[in-house]
Amino acid sequence: MLAAISLILVVISFGVIGLFIGPVGNMQLVLLMVTTILLVVFGILDAKYQKPPKAMFRRASVPVPTPFFNYWPIGFVLATMAWMIAPQTGLFVLALATAYAAVVVFSLYKSRSALRADGAALRAEMRSQPYELIVYSSGPPDAAYQVNQWLPVLEHLSFNTAIVVRDSPLAQAIEKTTLPIIIAEEIESVAQIVDSGVRTILYPANGMKNAHVLRHTDCTHIFINHGESDKVVNQSKFLMAYDRLFVGGQLAKDRLIDAGLPIRDDQVVFVGRPQAEMALSKRSGDGPLKTVLYAPTWEGFTEVANFGSVRDMGFDILDSLASRPGLDVVFKPHPMTGSRCAKTKAELKKINQMCAQRGITVLTSRDSIHAAMNQSDLMITDVSSVLNEYLITDKPVILCDPFQNTPEKLGTTYPSSRAAYLLQNAAALSDLIQSISEHDPMAAQRASVRSYSLGDYPQGALEEFKSRLADVM
C-alpha cells in the first residue's frame, strides 16, 4: 500500500517540480522511469515476502518482519524531489533509497526462508513425535492472561504439549514458558497440526475461532476456562460443544444445571483451580489490615455481562482507601478494562492519574494477580473468578455491587457472593474495613463457599487435574 502511494507521490512531485520550479529534461525523464520501475519491482517483492507463506505455522520465537520495513518507499519520493532540484544530490539519494530497499527486501526474503525452514522442522518433529495435547487460543494481546494463568499447570504435564495460537500479537504476549508456542493463522495450518496426531485439545476461553477446531471429531475437546466465577458467560450454550468441562467444583455444575443446559453424563469434571492453589498461600493467623488490593473486573462484551465497578465506584473506592493512614493500597485492573465502554476507559484514566498523585501502586497486565493476592490482607473485587480464587487464602474479601442488588438476590444469582462482605456505596467502605479489622465473622462462610466453588482434593488440585486429564487421554 505504501509503495503504491509513494509511486503516486513520485509522479505528483515530478509534475509539480516540472511546472513550478524548472523545465524537465531528458535526464529527469529517464530518472523518473528508473524510479518508477524500482518502486514497482521492490513493491512486488515486498508484498510477496511481507507475509508468511499461506497454510504455514511457525514457532512464536521465529522473528517476522517488523512494521519499520514498510517505510522504505518514502526514500524514492525524497530522491525524486532531490534530483529534480539538484540532480547530483538526487542521484545520491536515489542510490541510498535503492540500497535501503534492497536490504529490506533481502531481509524479508531471509525472514520468509527462516519461516519456511521452521515450518519444515516443526513438521519433521511432529512426524517423529506428534503433540498429544495442544492448548488452543485466539484473540487480541489482552487475552494472553487466559493462557498465561495455565502455564504453571501445563508445564507439569507428562504429555507432549504445545500451545497453538491463531494470532501473532497474542503469541508475543504469552509469558516465557518451556512449552513450544506455535502460531497458526490459517485454518489449514491448524488442521495440519491437529491431524498430525493430536489427541486432546484444551480451551481456556470461548473464542469464536474455537469453531475452526471443534470440527475435528476424532479429538477430545476440553474446556478448562480462564476463571471460575458466577458470570453469565459461564452459562453459555457454547459450552455444550465440548466433550468435557473441567470446572472447579460443584458450584460450577449447579450453575450449568440452573441455566437449563443439557449436560451430558460425565461431561462435567471437577479439578479445582490448580494454578491458583499452586500460587496462593493461606493466611497464617489474624493480623492488622496493612495492605488492601482492589482488583475489579472489566465491563464485559455487553452490558448484560457488565459486573465491573470501575465505572461507577472505582475512583471513590481508591480515594477512600488512600485516605486511611498507614494503609498500603494496590490497584490491579482487569487487562481488558475500558476496551468496550468509553466511559469506563475515561474513568480508568482518571483513576490512574489519581493513583499517581496519591501514591497508590498500579499493577499492569504483566504483574501477577496471585502475587498481589499473597501480599494483601484484604481484597475488594467484583463478581469474577478473582473472588473465588482469593478464597484459597482464607483472607476477607469485599464484593462491590454498584447495581444495588439485595443480598438475597446476590446470594441466589451469584452464589459466590455469600463469601464476601457487600459494598454498594463507596462512602461506607472506610467503616466496613474498620469493622473487618476488629472482627471477621465471615471466615467460616468463606471456607464453605471455597469448598463448594473449588472443591476439596486431598492430593491437591494439580494432581487432581493431571489425574482427570490422564483419564480422558
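Here the residue index of a chain counts from 1 through its sequence in written order. The predicted origin of the model limits local features to residues at a pLDDT of at least 70 and limits the giving and counting of side-chain atom pairs to 80 or more, whereas totals for whole chains, interfaces and linings rest on all residues. The basis for every side-chain value is the complete set of heavy atoms in the structure, and neither hydrogens nor water enter the calculation.

**Concerning helix H19 (residues 461–472)**
In step 1: Its 12 residues give H19 an end-to-end C-alpha distance of 17 Å, which sits within 8% of 16 Å, the value for a rise of 1.5 Å per residue.
In step 2: Ala461, Leu462, Glu464, Phe465 and Leu469 are the residues of H19 that are buried. Mapping the buried residues of H19 onto a view down its axis gives an arc of 160 degrees, with all of them on the same face. Think of it this way: any DSSP run of H or I at least four residues long counts as a helix, any run of E at least two long counts as a strand, and we number them from the N terminus. What a helix should span is 1.5 Å times the count of its residues minus one. Per-residue accessibility, obtained with a 1.4 Å probe over protein chains only, is compared with the maximum for each type, and a residue is labelled buried under 20%, exposed over 50%, and partly exposed between these values. Our arc is simply the arc of the directions from the helix axis toward the C-beta atoms.

**Observations regarding unusual backbone geometry**
In step 1: In this structure, asparagine 225 is a non-glycine residue whose phi angle is positive, near 65 degrees.
In step 2: Position of asparagine 225 among the secondary structure elements: in the loop between strand E6 (220–223) and strand E7 (244–247).
In step 3: Given a relative accessible area of 11%, asparagine 225 falls into the buried group.
In step 4: We note that aspartate 266 has phi near 65 degrees; this positive angle belongs to a residue other than glycine.
In step 5: Residue placement: aspartate 266 occurs in the loop between helix H10 (250–258) and strand E8 (268–270).

**Concerning the nonpolar core**
In step 1: What is meant by a nonpolar core is a set of buried Ala, Val, Leu, Ile, Met, Phe, Trp, Tyr and Cys residues, joined one to another through side-chain atoms within 4.5 Å. Counting 31 residues, the largest nonpolar core has Ile163, Ile174, Leu202, Phe246, Phe465 and Leu469 as its most contacted members.
In step 2: Where this core is concerned, the elements lending two or more residues are strand E2 (133–137), helix H6 (151–154), strand E3 (161–165), helix H7 (168–173), strand E4 (181–184) and H19.
In step 3: Here a residue-residue contact requires only that any non-hydrogen atoms of the pair lie within 4.5 Å. When sequence neighbours within four positions are dropped, the list of residues in contact with phenylalanine 465 reads Trp150, Val153, Leu157, Leu202, Ile224, Phe246, Val271 and Pro274.

**Concerning the side chain of serine 417**
In step 1: By secondary structure assignment, the location of serine 417 is in the loop between helix H16 (407–413) and strand E14 (421–423).
In step 2: Judged by relative accessible area, serine 417 falls into the buried class, the value being 11%.
In step 3: If sequence neighbours within four positions are ignored, serine 417 has contacts with Asp230, Leu399, Leu410 and Gly411.

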